[in-house]
Amino acid sequence: MFVCSCFGITEQQVRDHAAAGACTPRQIASASKAGTDCGSCVRRIQGLLGRGGCPRRETVATTVPAAPAVSAVSAVPSAGVAAPLP
């Protein structure tokens, strides 16, 4: 059965792309163009992909240390005026 009538993409083609590693509608679109014209097939593609097929992204807090906060006052040097101390 066709999923994307704009580009003639079938359910089996979507499943094949998913088996090859595409796990989001955007990745399916990159591989096949499905969902890039009228967009009416995107929900069907999401349904075919299901949930849990892709590894979850780790949260930013656990992978990237937080940068120190910079005050807008101390970050911008002014002409001859000292920045207030914290």
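Here is a short report on the structure shown in this document. (Residues numbered from 1 in each chain as written. Predicted model: local features only at pLDDT ≥ 70, side-chain atom pairs only at ≥ 80, totals over all residues. Heavy atoms only, no water.)

1. With respect to the side chain of Ser32
Our working rule: The numbering of helices and of strands both runs from the N terminus, where a helix is a DSSP run of H or I of at least 4 residues and a strand a run of E of at least 2. When a residue's accessible area, from a 1.4 Å probe over protein chains only, is under 20% of the maximum for its type it is buried; when over 50% it is exposed; and in between it is partly exposed. Every residue pair with non-hydrogen atoms within 4.5 Å of one another is taken to be in contact.
Within the element layout of this structure, Ser32 appears in helix 2 (residues 25–32). According to the relative accessible area criterion, Ser32 is buried, its value standing at 12%. Setting aside residues up to four positions removed in sequence, Ser32 forms contacts with Phe7, Ile9 and His17.

2. Some details on the pattern of salt bridges
Put simply, the test is: For this document, the term salt bridge refers to a Lys or Arg side-chain nitrogen within 4 Å of an Asp or Glu carboxyl oxygen.
Under the definition given, this model contains 2 salt bridges. A salt bridge links Arg15 to Glu11; the nearest nitrogen and oxygen atoms lie 3.5 Å apart. Note that Arg15 and Glu11 are positioned in helix 1 (residues 11–19) at a spacing of 4 residues, about one turn of the helix. The exposure class assigned to Arg15 is partly exposed, which follows from its relative accessible area of 39%. Glu11 is the salt-bridge partner of Arg44, the closest N and O atoms lying 2.5 Å from each other. Pair noted here: Arg44 is in helix 3 (residues 42–49) and Glu11 is in helix 1, with a separation of 33 residues, a long-range link. Among the residues examined, Arg44 registers a relative accessible area of 40% and is labelled partly exposed. Assessed through its relative accessible area of 12%, Glu11 is described here as buried. What you see here is one network of salt bridges that share partners, running through Glu11, Arg15 and Arg44.

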